[in-house]
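Read off the chains here:
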Amino acid sequence: MVSAMAGALLAVSLTSTPLQQADLSPQEEAVFDSDAIAGGGLRFSELTRPVNLLVMGMSVLPPDVQNPPADTKNLRYLPQVNSFDGLSDVMLLVKFDPETKKIVMLSVPRDTRTEIEGHGTRKINAANVEGGPALTAKTVSNLLGGVGIDRYIRINVLGVAKLIDALGGVTVYVPKDMKYQDDSQHLYINLKAGKQHLNGEQTLQLLRFRHDELGDIGRIQRQQMVIRALTDQSLNPATLTQLPKILNVVKEHIDTNLTVEELVALFGFSVRTNRSNMQMLMLPGRFSEKGEYDASYWLPSKNGIAKLMAKQFGLQSNAENTETQQVNDPGSVRIAIQDSTGSDRATLRPLIRALERSGYRNIYVSKPWSEPLEVTHIVAQQGDGNSAESIRDVLGIGEVRVESTGTLDSDVSIQVGKDWLQHQMPLNDSSQSSY
């Protein structure tokens, strides 16, 4: 691995900021922690401290930039522009922690209602338009209780498809038929439900689709599905040897204050991180109600954010004691059950009774999970992996996943797989159930 990383470094560049395209002022640079994150000498590929990386996905149209390219003019539609000056379509805060050997990804919905310093209360995706990566980082930090942000990376949507293709595509389960047409942008989405191998353009269709009941939140869930699949399929030592090729393909679509050395250190740490220690969360909150504001928002939960940041990012909070009480009290855990097997509801009754006997009382059957699962997923929707592990111990089956792909208002979502049918726990309870 070290040899591969060294080759990657030599093949790309050894300059200090080869991938940065933004011209930040000293004040803007000061928003980010400038301390070294990787070792020197033969330890150049080792991450030496926890790092918080702000990732932004940019979707930019000609009206978003002051001087759009000449070839975008006089067209009857608005094409994507390779720029970083528009709204941030995707926003992730990723923590790489060599002390806990974990990677935590926190998705921040682009419609999150928050204060943008000097510009009032807006949707958070406007921060990049008003002040680029520095103002976005400051806004995210303020929203998340003052968490420090070390580096940023912006990738234009034009580079996402190229990146996926450079990685060989991705095999995912498309949860439903997706069809959408926007002639004004030449955006055409046409995907069929089911497990399939997608190329870069098809993956982009899956990532950009947001025309269903969950809107942008559903899109975040699909983003997490793609990230999980790419991690399983592409994050390995062999990919390191392809790093020069991948960077050459996408570097014109990337702006970051990471050096190549730091990028390799983060990638090397990711390769060595156990998949069970990769956690994907979503900013706690709720949809605004119709007529509540003049636009639709994702309204952040201050208490939920405090709990999450204390547990996952090490920020001190009074919410920690409440979190501990919740873990110790099964009755406070909201459990959603999503069947993926196509069985009738009677199959779920023994599972529900087993949970009830262990003190779990807030249980409900939710919309079925579309992907047929061999192994049950016990999803810690709000990041409470301890409760998910406890539920797994009760059931004796399943795989715990700390991610936000379950039912939105649950603490834990149990996506029932075929292993439950095969297991059929010896809980023969002849009493009738109302479920």
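Residues numbered from 1 in each chain as written. Predicted model: local features only at pLDDT ≥ 70, side-chain atom pairs only at ≥ 80, totals over all residues. Heavy atoms only, no water.

Caption draft 1: Layout of the overall build of the protein. For the protein, the helix and strand inventory stands at 14 helices and 19 strands. Taking all 435 residues of the protein together, the buried fraction comes to 52%. Sequence-distant contacts, at least 24 apart, represent 71% of the contacts inside the protein between residues at least 6 apart. Of the roughly 19800 Å² of accessible surface on the protein, 48% is carried by carbon and sulfur atoms. (Helix = DSSP H or I, 4+ residues; strand = E, 2+ residues; numbered from the N terminus. Buried < 20%, exposed > 50% of the residue type's maximum accessible area, 1.4 Å probe, protein only. Contact = heavy atoms within 4.5 Å. Areas by Shrake-Rupley, 256 points an atom, 1.4 Å probe, with all protein chains shown as cover.)

Caption draft 2: Just the nonpolar core, in detail. Judged by nonpolar contacts, the single largest core of 53 residues is most densely connected at L144, I335, I337, L355 and I391. Structurally, this core is a two-domain feature, drawing no fewer than three residues from each of domain 1 (15-313) and domain 2 (330-424). In contact with L355, not counting residues within four places along its chain, are I335, I337, Y360, I363, I391, V394, L395 and I414. Core analysis: the second largest hydrophobic core is formed by 49 residues, L92, F96, L187 and L263 among them. (Core = buried A, V, L, I, M, F, W, Y, C linked by side-chain atoms within 4.5 Å. Domains from an automatic or database assignment.)

Caption draft 3: Structural detail: unusual backbone geometry. Positive phi values are uncommon outside glycine, yet K101 reaches one of about 60 degrees. Its location among the elements puts K101 in the loop between β2 (88-97) and β3 (102-107). Judged by relative accessible area, K101 falls into the exposed class, the value being 54%.

Caption draft 4: Seen up close, the sheet that holds strand β11 (residues 254-256). What the six strands build is an open sheet, ordered β11-β6-β1-β2-β3-β12; its pairing is mixed. Taken across any chain shown, the strands that pair with only one partner, and hence form the sheet edges, are β11 and β12 (278-282). Averaged over all pairs of adjacent strands, the angle between strand axes in this sheet comes to 20 degrees, irrespective of strand direction. Taken together, the eight bridges between strand β1 (residues 51-58) and β2 define a ladder with antiparallel strand orientation. Note on β2: the bridge partner recorded for M56 is M91. Taken strand by strand, helix α6 (residues 215-234) contacts β2, β3 and β12, and its axis lies near 170 degrees from that of β12. (Pairing = 2+ DSSP bridges. Axes fitted to C-alpha atoms, helices over the stretch in contact; angles between N-to-C directions.)

Caption draft 5: The pairing of strand β7 (residues 170-174), seen in detail. Taken across its five residues, β7 has four buried, putting it largely inside the fold. By the bridge criterion, five bridges tie β7 to strand β10 (residues 194-198) in an arrangement that is antiparallel. If you follow T171 over to β10, its bridge partner there is H197.

Caption draft 6: Representation of the sheet that holds strand β15 (residues 335-339) within the structure. Read across the open sheet, the five strands follow the order β16-β15-β19-β17-β18; overall the sheet is mixed. Here the strands that pair on one side only, and so sit at the sheet edges, are β16 (363-365) and β18 (399-401). Each neighbouring strand pair of the sheet contributes to a mean axis angle of 20 degrees, computed without reference to strand direction. Two elements, strand β17 (residues 377-380) and β18, share three bridges in a ladder whose sense is parallel. Bridge assignment links I378 to a residue of β18, and that residue is V400. The strands that helix α13 (residues 385-395) touches are β15, β17, β18 and β19 (412-416); relative to β17, the one it contacts most, it runs at about 155 degrees.

Caption draft 7: Structural detail: the pairing of β12. β12 sits mainly inside the fold: five of its five residues count as buried. The alternating pattern of β12 places M278, M280 and M282 on one face and Q279 and L281 on the opposite face, and all of these are buried. Judged from the five bridges that link them, β3 and β12 form a sheet pairing that is parallel. Bridge pairing links M105 to M280 in β12.

Caption draft 8: Layout of empty space enclosed by the protein. Taken as a whole, this structure holds three cavities of 30 Å³ or more when the rule is applied. By volume, the largest cavity amounts to about 1300 Å³. Along the walls of the largest cavity sit 44 residues, with V55, I155, L163, I227 and L230 positioned nearest its centre. In terms of residues, the lining of the largest cavity owes the most to one element, α6, which gives seven residues. Class assignment of the residues belonging to the lining of the largest cavity gives a composition of 33 nonpolar, seven polar and four charged. Approximately 40 Å³ is the volume attributed to the second largest cavity. Lining the second largest cavity, in full, are D89, V90, M91, S107, V108, P109, R110, D216, R219, I220 and Q223. Elements with a minimum of two residues in the lining of the second largest cavity: β2 and α6. Top element by residues in the lining of the second largest cavity is α6. It accounts for four residues. Taken together, the residues of the lining of the second largest cavity break down into five nonpolar, two polar and four charged. (1 Å grid on protein atoms, 1.4 Å probe; cavity = no way out; pocket = protein on both sides within 12 Å on 5 of 7 lines; lining within 4 Å. Points joined across faces, edges and corners; volume = space filled by probe spheres on them. Nonpolar A, V, L, I, M, F, W, Y, C, P; charged D, E, K, R; others polar.)

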